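Per-entry structural report
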Amino acid sequence: MDVIKLGYTFKGDNALKELERITSKADEVQDNILCGILERNKDTEYLSKYMKGSQEVLEFKRSVPIIKYKDIYPYIQRIANGEDSSLITGHPITEILCSSGTSAGEPKLMPTIYEDLDRRTFLYNLIMPIVNKYIPGLDKGKAMYLNFVKAETSTPCGLPIRAVLTSYYKSKHFQCRPFDPFNDLTSPIQTIICDDSNQSMYCQLLAALIQRHKVMRLGAVFASAFLRAISYLEKKWSELCEDIRTGRLNPMITDPGCHTAMSCLLTSPNPDLASEIEEICRRSSWKGILCQLWPKAKFIEAVVTGSMAQYIPALEFFSQGKIPLVCPMYASSETYFGVNVEPLSKPSDVVFTLLPNMCYFEFIPLSKNGTLSFDLGDDEQVPSDLVVDLVNVKLGRYYELVVTTFAGLYRYRIGDVLQVAGFYNKAPQFRFICRRNVVLSIDLDKTNEEDLHRSITLAKKKLGNKAFLMEYTSYADTSSVPGHYVVFWEIQGQVEAKVMEECCVAVEEELDYIYRQCRTKERSIGALEIRVVKAGTFEKLMDLIISQGGSFNQYKTPRCVKSNSATFKLLNGHVTASFFSPRHPTWVP
């Protein structure tokens, strides 16, 4: 049965053959997946509540509601507190995955079972065989692919709470995988699983520089992480070169695993290599630096869709536009979804083929008269007869993604908005459009309009009685690394600089857990900035939007603007003062 026939043994040509098989029989594979989930999980408390022990697909679609996180969270919380996994799944829950999405300011917790690692590995094993069809010879060199783990905690009953990538990197599926010449990483495993992100970054970059003439591909999971590495390299290249020159590791590296792994690479002084790298890094401009440091690199692999698209210009600057950007896969903490079967397509043209053996897919139509429409409210109950199956979506239409998994998510709304762009055999291909209701994102953070409004509502109380906030909007500034949130405020009255800085702090303190983690621990987001604009600026903003075709009667101030847009230029042209948060927000693991 396809629900189990995943393994992680499909590699190379076998992986491509399996891709053809499952996409050619997408409807059959999906039917098997759903039947397998219902057979295994029919006796769970959750499904029994709606299906009374039935395994019938029609009963599932008729009786089981389409849900959001708040609906399944009580069951996950009970399992976290020690109750049995059979509340939602027929297999033991082995970990709780910490999603980058949030609920009430806290990270969403997603159940996972051991065989989910097989599914993730199956998808990973598809990526390089697909890319190798377009860029041959990748088995002749190494990959500078920067992987990092995040801080983990545990539930009251002892289940690990981890990010999905941390789960994978700490699993035997990753650490004990057979040698694969297409995935020969420059980074030793010990440097990847080091909990200290500073030491991990230093050692991984050092390893990549030592092996610079063997590197054939570059990358990280997200474009933001890859650019953060370049920024780190700008600050540390001199120290890294000193290590290579002397053959001795920087004393700041105290992690035993990193120290042992790097001693195998720093076997002797190499002054010639150090001088080569120094000459490149000393140049006044770092335009094209990636081509110079890793001259054999054939592509950069990273997620560059959705909110990560804002980093494409920076990646093109550092590669001088000479190294293609490859966005290989589409995944989340809830489940992995699909792969890009045309890896050399432009970032704006990237589409993902959903793999029908990952989970059971359904879709909520969002199209109205051929355009994207959010007539159905974010929290509104979705009628079961409205959703469509994977193989029944229509070309060009917009949908919200819904999944059912073996680990206990049933008809769960992911929140991603997709557009059908084509078909690969019988499997639809989707273009990622956006996350529902997300207005700001720099790294893994996803701040929605409600969270932004709540944080500003509380922060504006700092203004006291002598001034008040008239209007606001925001944008994500990624012109430098790390990027940061910018909030435009129009204030009536006079406010001291110290009070405005306190307002910056107050906004950050009220933003969600993931934002504060990225800001305080990961340092992947810079200090929040409030830019005060002249009186009347937001009236001019309204005039501008209406002049572009907006309705006066239906006008609402946009809570987020895009950089380099006419609205952004108007706002930025009326700034009278700028203030930054003077400290990091509170974050407790």
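Model, not experiment: these values are computed from the prediction.

Definitions and cut-offs
- Residues numbered from 1 in each chain as written.
- Predicted model: local features only at pLDDT ≥ 70, side-chain atom pairs only at ≥ 80, totals over all residues.
- Heavy atoms only, no water.
- Buried < 20%, exposed > 50% of the residue type's maximum accessible area, 1.4 Å probe, protein only.
- Helix = DSSP H or I, 4+ residues; strand = E, 2+ residues; numbered from the N terminus.
- Pairing = 2+ DSSP bridges.
- Core = buried A, V, L, I, M, F, W, Y, C linked by side-chain atoms within 4.5 Å.
- Axes fitted to C-alpha atoms, helices over the stretch in contact; angles between N-to-C directions.
- Contact = heavy atoms within 4.5 Å.
- Parallel < 35°, antiparallel > 145°, perpendicular 65-115°, else oblique.
- Left-handed = near helix turned anticlockwise from the far one by under 90°.
- Nonpolar A, V, L, I, M, F, W, Y, C, P; charged D, E, K, R; others polar.
- Phe/Tyr/Trp six-rings, centres within 6.5 Å; stacked < 30°, edge-to-face > 60°.
- Lys NZ or Arg CZ within 6 Å of the ring centre and 35° of its normal.
- Expected span 1.5 Å × (residues − 1).
- 1 Å grid on protein atoms, 1.4 Å probe; cavity = no way out; pocket = protein on both sides within 12 Å on 5 of 7 lines; lining within 4 Å.
- Points joined across faces, edges and corners; volume = space filled by probe spheres on them.

**Side note on the pairing of strand S3 (residues 142-146)**
Within S3, five of the five residues are buried, leaving the element largely enclosed by the surrounding structure. Where burial is concerned, the two faces of S3 agree: the one with Lys142, Met144 and Leu146 and the one with Ala143 and Tyr145 are both buried. Two strands pair when backbone bridges link them, and S3 and strand S6 (residues 215-222) are joined in this way by five bridges, in the parallel orientation. When the bridges of S6 are listed, Lys142 appears paired with Val215.

**Concerning the nonpolar core**
In this structure, Trp294 and Trp489 are the most contacted members of the largest nonpolar core, which totals 175 residues. Counting residues per element, this core draws most heavily on helix H11 (residues 223-246), at twelve residues. If you look at the next biggest cluster of nonpolar residues, it comprises eleven residues, including Phe488, Phe538, Phe568 and Leu570.

**Things to note about the sheet that holds strand S24 (residues 575-580)**
Sheet strands associate in pairs through backbone hydrogen bonding, adopting either a parallel or an antiparallel arrangement. Pairing is mixed across the open sheet formed by four strands, whose spatial order is S21-S22-S23-S24. Sheet topology places strand S21 (468-477) and S24 at the edges, where each strand pairs with a single neighbour. Each neighbouring strand pair of the sheet contributes to a mean axis angle of 25°, computed without reference to strand direction. Of the strands in this sheet, S21 and strand S22 (484-492) touch helix H16 (residues 449-459), which is tilted by about 135° from S21.

**Points about the packing of helix H10 (residues 197-210) against H11**
How two helices pack is summed up by the angle between their axes together with the distance between the axes. Where H10 meets H11, the closest approach of the two axes is 9 Å, and the angle between their N-to-C directions is 65°. Between H10 and H11, the crossing angle belongs to the class labelled roughly perpendicular. When the axes of H10 and H11 are compared, the crossing they make is right-handed. Residues Asn198, Met201, Tyr202, Leu205, Leu206, Leu209 and Ile210 of H10 touch H11, and the partners they reach there are Arg228, Ala229, Tyr232, Leu233, Glu239, Leu240, Asp243 and Ile244. In terms of residue class, the contact of H10 with H11 is built from eleven nonpolar, one polar and three charged.

**Some remarks on the packing of aromatic side chains**
With the rule as written, the count across this model stands at 21 aromatic pairs. Centroid distance Tyr46 to Tyr410: 5.4 Å. Interplanar angle 10°. Geometry classified as stacked. Of the two residues, Tyr46 sits in helix H3 (residues 45-51) while Tyr410 sits in the loop between strand S16 (398-404) and strand S17 (412-424), which places them 364 residues apart along the sequence. Neither residue differs from the other here; Tyr46 and Tyr410 are each classed as buried. Seen in terms of ring centroids, Tyr330 and Phe337 are 4.5 Å apart; in terms of plane orientation they differ by 40°. Their pairing is tilted. Comparing Tyr330 with Phe337, the two get one shared label, buried. Geometry around Tyr336 places Arg120 over its ring, the cationic atom sitting 5.9 Å from the centre. Positioned above the aromatic ring of Phe174, the side-chain terminus of Arg177 is 4.2 Å from the ring centre.

**Regarding helix H2 (residues 26-41)**
Turn by turn, an α-helix covers 3.6 residues, leaving residues three or four places apart pointing in a common direction. Between the first and last C-alpha of H2 there are 22 Å, a value that for 16 residues agrees with the 22 Å anticipated at 1.5 Å per step. Every buried residue of H2 is listed here: Ala26, Val29, Gln30, Ile33, Leu34, Gly36, Ile37, Leu38 and Asn41. Elements that come into contact with the buried residues of H2 comprise helix H1 (12-24), H3, helix H4 (57-63), strand S12 (360-365), S16 and strand S18 (427-435).

**Brief notes about empty space enclosed by the protein**
For the structure on display, the rule yields four cavities of 30 Å³ or more. Volume-wise, the largest cavity comes out at about 100 Å³. Looking at the largest cavity, the residues that line it are Asp116, Arg119, Arg120, Ser333, Glu334, Thr335, Tyr336, Met358, Cys359, Thr404, Thr405 and Phe406. Among the elements that line the lining of the largest cavity, the one with the most residues is helix H6 (residues 116-134), at three residues. Here the lining of the largest cavity is built from residues that sort into four nonpolar, four polar and four charged. If you add up the space inside the second largest cavity, you get close to 60 Å³. Considering the residues around the second largest cavity, the lining is formed by Ser224, Leu227, Arg228, Tyr311, Ile442, Asp443, Ser480, Val481, Pro482, Gly483 and Ser524.

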